[in-house]
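A closer look at the structure
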Amino acid sequence: MEFEHEEEEALQPMSPTAEYLKSSALSFMILAVLEMEIPIDDTLAVPMLNDVFLPINPRFSCIMVTQNKGVKKWKKVEVNVSDHIITPTFKSGMSVEYYDKCFNEYLSNLATQQFPTNKPLWELHIIKYPTKNAAGNVIFKLHHSLGDGYSLMGALLSCLQRMDNPLLPLSFPSRQSTSRRTNARGYSVFGSVFKFVRGISYTAYDLCWSVMKSSLIEDDKSPIRSNEDGVEFLPMVTITTTFSMDRLKQIKNKLKVTINDVITGIIFSGTRMYMQKMSQESGVANSTALVMLNTRALGGNYKSIKEMIRPDAEMPWGNRFAFLQIPIPKLTKSELENPLKFVTNARNMIKRQRNSATIYLTGQLLSIMRKLGGAEATARYIHGTLKNASMSISNLMGPLEKMSLADHPIKGLYFVVPGPPQSITVTMVSYVETLRIAMTMEKDFMDPDTFKSCMEHAFEVIYKAALDDSPPSTT
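What counts, and where the lines are drawn
For every chain, the first residue of the written sequence is number 1, and numbering continues from 1 along that sequence. Per-residue local features are limited, in this predicted model, to residues with pLDDT of at least 70; the limit for side-chain atom pairs, both in listing and counting, is 80 or more; totals at the level of whole chains, interfaces and linings are taken over all residues. To obtain the side-chain values, all non-hydrogen atoms of the structure were included, while hydrogens and water were left out. UniProt positions are given in the numbering used here, feature names are shortened, and annotations may be inferred rather than shown by experiment. Buriedness of a pocket was judged along seven lines, with at least five required to meet protein on both sides within 12 Å; pockets are open sets of points on a 1 Å grid over the protein atoms alone, cavities are sets where a 1.4 Å probe fits but cannot get out, and lining residues have an atom within 4 Å of a point. Grid points are joined across faces, edges and corners, and a volume is the space filled by probe spheres set on the points. Counting from the N terminus, the helices are DSSP H or I runs at least four residues long and the strands are E runs at least two residues long. Under this grouping Gly is polar, as are all residues other than the nonpolar Ala, Val, Leu, Ile, Met, Phe, Trp, Tyr, Cys and Pro and the charged Asp, Glu, Lys and Arg. The pairing criterion is simple: DSSP has to find at least two bridges between the two strands. Note on definitions: angles span 0 to 180 degrees between N-to-C directions of axes, and those axes are lines fitted to C-alpha atoms, for helices only across the stretch in contact.

The protein chain is annotated in an unreviewed UniProt entry as Diacylglycerol O-acyltransferase of Penstemon smallii. What UniProt records for the protein chain under Sequence similarities (unreviewed entry) is the sentence "In the N-terminal section; belongs to the long-chain O-acyltransferase family."

**Points about empty space enclosed by the protein**
By rolling a water-sized probe across the atoms, one finds the places where empty space is left. In total, this model carries five cavities of 30 Å³ or more according to the counting rule given. Taken as a whole, the largest cavity holds about 160 Å³ of empty space. If you trace the largest cavity, you find 17 residues lining it, with Ile30, Ala32, Leu152, Met153 and Leu156 closest to the centre. Listed by contribution, the elements that provide at least two residues to the lining of the largest cavity are strand S2 (29–36), strand S7 (136–143), helix H5 (149–158) and strand S14 (408–416). It is H5 that contributes the most residues to the lining of the largest cavity, five residues altogether. Residues of the lining of the largest cavity, tallied by class, amount to 16 nonpolar, one polar and no charged. Of the volumes computed, that of the second largest cavity is approximately 130 Å³. Along the wall of the second largest cavity there are 13 residues; nearest its centre are Ile40, Asp41, Val138, Leu405 and Ala406. Put simply, the parts of the chain that give the lining of the second largest cavity at least two residues each are helix H3 (45–53) and strand S6 (122–127).

**Some words on the sheet that holds strand S4 (residues 72–76)**
The strand order across the open sheet built from three strands is S1-S4-S3, with neighbouring strands paired in antiparallel fashion. Because the sheet does not close on itself, it has two edges, and the strands there are strand S1 (11–13) and strand S3 (62–66). Taken pair by pair, the neighbouring strands of this sheet meet at an average axis angle of 40°, ignoring direction. Of the pairings in the sheet, the one linking S3 to S4 comprises five bridges and is antiparallel in character. Residue valine 65 lies in a different strand from S4, and its bridge partner there is lysine 73.

In structure tokens, the structure reads:
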């Protein structure tokens, strides 16, 4: 009996979201790619993982077990970090172009490979061959059930140091927008009552629309949505591009919006350009983007892991995110004449949904579904939400200073999230003075180079329109 009691103590419950993300219906992973400036010394990997990575969070030393009635829990196990380090071997003496192709194929294959069930849900892949972007690449592969992008970025940053001075902490862009501070003024009773009533109507509409989109209404089949069953198991390809943060801030300041508004508008514009280029009529197809929203308290930057795992943490560890179902604006004559409408439309739709109670009520709906039908049924509902939409968009803030991993300078970084039943996902992370955008799409269905070209063209068009001395009206 004493042994059974000790074994029960070793099992920790999984959060509901973690159960959804590690179910028969869903299995999300996060691949964080670090591009190194110098060749990689992989002898430093074992001590770094033992001394720095594993102590970050107990979940990195746990496996998932299923008990009676399908209840899933975390079970702590002994970890041999060498079993989690993979160093692939390619043909030696080849060109950078050859290794670049090998790396892209390796990343594509890695995105579809599930974790073994008898080991903790993370791996470290060290690619010691030069590519066009780096002298070598390090890939952290983690299951999404361990935590969301915010949590795992915090964990990753715990393994990294400032390049200029390792003793100083990394700093990050402010999460609070100018418009939010400005809107705090001019308060009136009439205005607050009007906003309250409007908020109720928006909440009712958005909640009904969310339920219908998740269960009944699908997006149109289009050049960004193949509607293939099991698309999440098909080969994917990732291509990246880089935007200047300084130029993005110029657009932001001109339009008096947030950086996220600008980025989302550019993605919507570039996506519609691609759709119309591949199929003329698809410029007006019904397409929806799921924009990921961090539901932690707004304001502030990444907290230390010690702060994040406290029971009363303001910015806690785990999966704390929600989907905003945003219709992608159609490419009509109005948008062609004034591309800034993609930014202002994105801003208005995201702001409206964030200010309604839909996110909270959707969370309550999922809790009720879980109590009545179990975690697997709830996961299938979330799968429907993803499958009925056309794309997902998520972004993270990265540090303002250059970083290093075990004294290896990091030239660039990006992340991808394999697993959603969609033909394309777009993920972004800022680093120093750049924004890196990774576009992961269904192989042999979408054209990566054309999509990247459309995204870059959309950025240039919106930048030029925003900085025009007499920009057109955005109303």
